[in-house]
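# Fold and geometry: a report
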Amino acid sequence: MEPENIKLYQAPQARKPDVEDFRQISSDLHLGCSEEDLQNFTKYAAKITESLSAVALLPDPAAERVRYPRTPGYRPVPEENPHNAWAWKCDIRGSPEGKLAGRMIAIKDNVAVAGVPMRNGSRIFENYVPEFDATIVTRILNAGGIIVGKTAVSDLCLEGSCLTNIDGPVRNAVDDTRIAGGSSGGSGALVAGGHVYMAIGGDQGGSIRIPASFNGIVGLKPTYGLVPYTGACSIDVTIDHLGPMTRTVHDCALLLEVIAGYDDGRDGRQFPNTPTAEYSKLINVSVEGKKVGLLKEGFDICVDEIKTIVRQAADRLTEAGMVVMETSIPEHRDGPKIWMATGGFGVYNCMVRGNGVGWSKGYYPLSMMDAAFRGYKTYPQDLPPLVKFFAMYNEYIGRLYGNRFFAKGQNLILGLTGVYDMALEEFDVLVMPTLPFAAPKIPPADCSFEEFASVSLSMCDNCMPFNSTGHPALTINAGYTAEDKLPVGLMIVGKKFDEVTVLQVARALEMILSEK
């Protein structure tokens, strides 16, 4: 399929309301409008609706031209779908030259690739085919990357196990009886299994770092706003991150330098002059004298074996001349609670009421929004129980308290950010286990809701706080459990926009742990 033949999105026209429409809305909102009010409102609404219809016909100046030919690809059969990790396969080739030339890269299925179906793990997006490339997709293709498919995700990316994917659970690349982690589970399993060099993940509460840790690879949640989110389905605009998932620190740095940078105002999460670097050229340096703070509260939540493995790996950073010592940030314990106040209500407002995009300045992918709007109207009963719970609970909270808990949580994030920033004045990075335990077994299909929720949400406590504050956080494999030989992730957190230091420390640890 040539780029110019990709079907353009046709915007719907606005319908004028009649008196009965306003009568019903007045009743629903308890506004008590009189019959005269309804007649007057209906007349005036006709004028406004004309404006909306005119706007619908204007060309969208923000939509970027699709630059490279492609065919739609196909849904792989089980025999060619290891770990059930592919949502879709394709073969899209960009520039013949560039930093990623010849490298096979997979894209998380909440990110738009023109002409390729995007389901976001859910029936809500059934039959949706974007007509545009997300900004990071264009950047990957411009750099010579080969996009070979879309990776399976949790339903709407709303849980940490990847058990709710529309095509069934995504399985761990190390042990197929265990969860891959989510929501970027397909990306984690495919990279760990050696099926692609690199993959894109998304992270709102740990969704890059969870599957990276469970599968034993490198995963980076960059600083909030460093990588443009333009053209990806949002969970909440205050916690959305896209980032690299790779087998090595070098590949992580290389992919980051391709996708990072300001998107000319198209993404409201960013600001002009976003600092970037040629990260891959800066990682092989001496880290002698750098200070590592082992976050006590981050270790406290973990099972003993995880604590030991991560502590032993972190202590080996002294072999590279780093200073390793324990530190305490008691407020870290409050981070997951604060995320629930902001993230939970934000998710509902953005994903459901905001049609998967939410509200911010920048480019709005209208076809994606309309697909979500139609899906929520048509298939709400097909959502998995956990997503239904989030929708119902946050609707309940909103009806009783409005936006208050979201607002209180945002206020608390300012303080949480401050205490991490203060610690990062003393230390170059903070280190802790990525997750409190190794990958659990996939529960039986008939397990209780409580068991399912426990497997899907219980691993996020060290990850969530840094989605709220926006600090960069990278996970790297620190070792394996003794009995089951399962990967254990170590997380490195740095100052905002100091991905260079985070990657340098990760590279030093990678080299130390690879020594025989």
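On to a nonpolar patch on the surface. A cluster of nonpolar residues, Phe-389, Tyr-393, Tyr-396, Leu-400, Tyr-401, Phe-405 and Phe-449, forms a patch on the protein surface that exposes about 710 Å² of accessible area. For the nonpolar patch, the element with the highest residue contribution is helix 11 (residues 385-401), accounting for five residues. Here Tyr-393 is to be found in helix 11.

In terms of nonpolar packing, the biggest core is built from 79 residues, with Leu-474, Leu-490 and Ile-492 touching the most fellow members. Contact partners of Leu-490, with chain neighbours within four places excluded, come to Val-310, Ala-313, Ala-314, Val-431, Met-432, Thr-434, Leu-474, Thr-475, Ile-476, Ala-478 and Leu-509. With 22 residues, the next largest nonpolar core counts Leu-156, Cys-157, Cys-233 and Val-347 among its residues.

Across the sheet, which stays open at both edges, the 11 strands sit in the order 1-3-2-4-6-5-10-11-9-7-8 with mixed pairing between neighbours. Edge strands, defined here as strands with exactly one partner in the open sheet, are strand 1 (86-93) and strand 8 (323-327). Each adjacent strand pair in this sheet contributes to an overall mean axis angle of 25°, direction not counted. Relative to strand 11 (residues 487-494), strand 9 (residues 429-433) is paired through five bridges, and the arrangement is antiparallel. By the bridge assignment, Pro-433 is partnered in strand 11 with Leu-490.

We now examine helix 3 (residues 135-142). In terms of burial, helix 3 is largely enclosed, as seven of its eight residues are buried. Close packing links the buried residues of helix 3 with strand 1, strand 2 (104-108), strand 3 (146-151), strand 4 (198-202), strand 6 (242-246) and helix 6 (249-259). Phi turns positive one or two residues past the end of helix 3, at Gly-144, with a value near 90°.

Bringing the pattern of salt bridges into the picture now. Here the structure, examined in full by the defined rule, presents 28 salt bridges. For Arg-178, the salt bridge is made with Asp-484, and the minimal N-O distance between the two is 3.4 Å. Placement of the pair is Arg-178 in the loop between strand 3 and helix 4 (185-192) and Asp-484 in the loop between strand 10 (473-480) and strand 11, with a sequence separation of 306 residues. The exposure class assigned to Arg-178 is buried, which follows from its relative accessible area of 9%.

Calculation rules
- Residues numbered from 1 in each chain as written.
- Predicted model: local features only at pLDDT ≥ 70, side-chain atom pairs only at ≥ 80, totals over all residues.
- Heavy atoms only, no water.
- Patch = residues over 30% accessible without salt bridge, like charges linked within 9 Å, V, L, I, M, F, W, Y side chains within 5 Å.
- Areas by Shrake-Rupley, 256 points an atom, 1.4 Å probe, with all protein chains shown as cover.
- Salt bridge = Lys/Arg side-chain N within 4 Å of Asp/Glu carboxyl O.
- Helix = DSSP H or I, 4+ residues; strand = E, 2+ residues; numbered from the N terminus.
- Core = buried A, V, L, I, M, F, W, Y, C linked by side-chain atoms within 4.5 Å.
- Buried < 20%, exposed > 50% of the residue type's maximum accessible area, 1.4 Å probe, protein only.
- Contact = heavy atoms within 4.5 Å.
- Pairing = 2+ DSSP bridges.
- Axes fitted to C-alpha atoms, helices over the stretch in contact; angles between N-to-C directions.

Keep in mind these values describe shape, not function.
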